[in-house]
Amino acid sequence: MIEYTMSCKKINWLQVHEILDEAGLSHFSPEDQEKIFTNSDVVSFALEGKMVVGVSRALSDGLSQAAIYNVAVRPEYQHRGVALGMVGRLLNALKGQNVILYTNPPNVSFYEKFEFRRSKTAMCYFVGDKDHLQMLEDGGFMLPEGYRFVDEYPPKKVSEDR
């Protein structure tokens, strides 16, 4: 039976590392994952016995703005409601706050179940070499550099007289 915890106590960080690495979401060491999750404002883990089967976390100012990161489930546990349970718990802990996230394009419909909507004005700044940034673009995390939506107008020229 899947159980959920919102505590970092007794979490196997090697398993967290393996889940995120396999999902392609983070390649940090188990020690770094412990620091990342411990420093997050809200966490939700799915466990079967002592085995971590799902991970998720959020950063928050505690009042108005939050961001969800690193939602991942072991492949053999996907499509069983594990991510629903974790994200639901995160959102409950973030109640009353605006919440943003970014996800793989195939997962958009999952987040729409929670009433997330796509944003046309979100911007992102990712750290990495040219190949890493190209991988993010190819994966749908970023639009091509210079991309404009059809209804965007060219920027207005600012007069130099001002």
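This text follows the structure it describes.
Residues numbered from 1 in each chain as written. Predicted model: local features only at pLDDT ≥ 70, side-chain atom pairs only at ≥ 80, totals over all residues. Heavy atoms only, no water.

Draft legend 1. Examining helix 5 (residues 130-138) more closely. Where helix 5 starts, the residue carrying a side-chain oxygen 3.2 Å from the main-chain nitrogen of Asp131 turns out to be Asp129. Gly140 sits one or two residues past helix 5 and shows a positive phi near 90°. (Polar contact = N/O pair within 3.5 Å; in protein donor to acceptor, adjacent residues only side chain to side chain. Helix = DSSP H or I, 4+ residues; strand = E, 2+ residues; numbered from the N terminus.)

Draft legend 2. Region of the structure containing the environment of Ala46. Along the chain, the position of Ala46 falls in strand 2 (residues 42-48). For Ala46 and Ser56, which are ten residues apart along the polypeptide, the C-alpha to C-alpha distance reads 8.8 Å. With near-sequence residues (within four places) excluded, Ala46 lies in contact with Ile2, Glu3, Tyr4, Met51, Val52, Val53, Gly54, Val82 and Met86. (Contact = heavy atoms within 4.5 Å.)

Draft legend 3. Main features of the side chain of His17. Locating His17 in the fold gives a position in helix 1 (residues 13-23). Relative accessible area serves as the criterion here: at 17%, His17 is assigned to the buried category. Side-chain polar atoms of His17 contact the backbone oxygen of Phe28, separated by 2.6 Å. Once residues lying within four places of it in the same chain are set aside, the contact partners of His17 are His27, Phe28, Ser29, Pro30 and Gln33. (Buried < 20%, exposed > 50% of the residue type's maximum accessible area, 1.4 Å probe, protein only.)

Draft legend 4. Inspection of the sheet that holds strand 1 (residues 2-5) at higher detail. The sheet built from five strands is open, its strands ordered 1-2-3-4-5 with mixed pairing. The open sheet has two edge strands with one neighbour each: strand 1 and strand 5 (98-100). The average angle at which neighbouring strand axes cross in this sheet is 20°, direction not considered. Pairing analysis gives seven bridges linking strand 2 to strand 3 (residues 51-60), with the strands arranged antiparallel. Bridged to Phe45 within strand 3 is Val55. (Pairing = 2+ DSSP bridges. Axes fitted to C-alpha atoms, helices over the stretch in contact; angles between N-to-C directions.)

Draft legend 5. Inspection of the packing of helix 1 against helix 2 (residues 30-38) at higher detail. Between helix 1 and helix 2, the least distance of the axes is 8 Å, while the angle of their chain directions is 90°. Classified by the interaxial angle, the pair formed by helix 1 and helix 2 is roughly perpendicular. Contacts between helix 1 and helix 2 involve Trp13, Leu14, Val16, His17 and Leu20 from the former and Pro30, Gln33, Glu34 and Phe37 from the latter. Here the contact of helix 1 with helix 2 is composed, by residue class, of six nonpolar, two polar and one charged. (Parallel < 35°, antiparallel > 145°, perpendicular 65-115°, else oblique. Nonpolar A, V, L, I, M, F, W, Y, C, P; charged D, E, K, R; others polar.)

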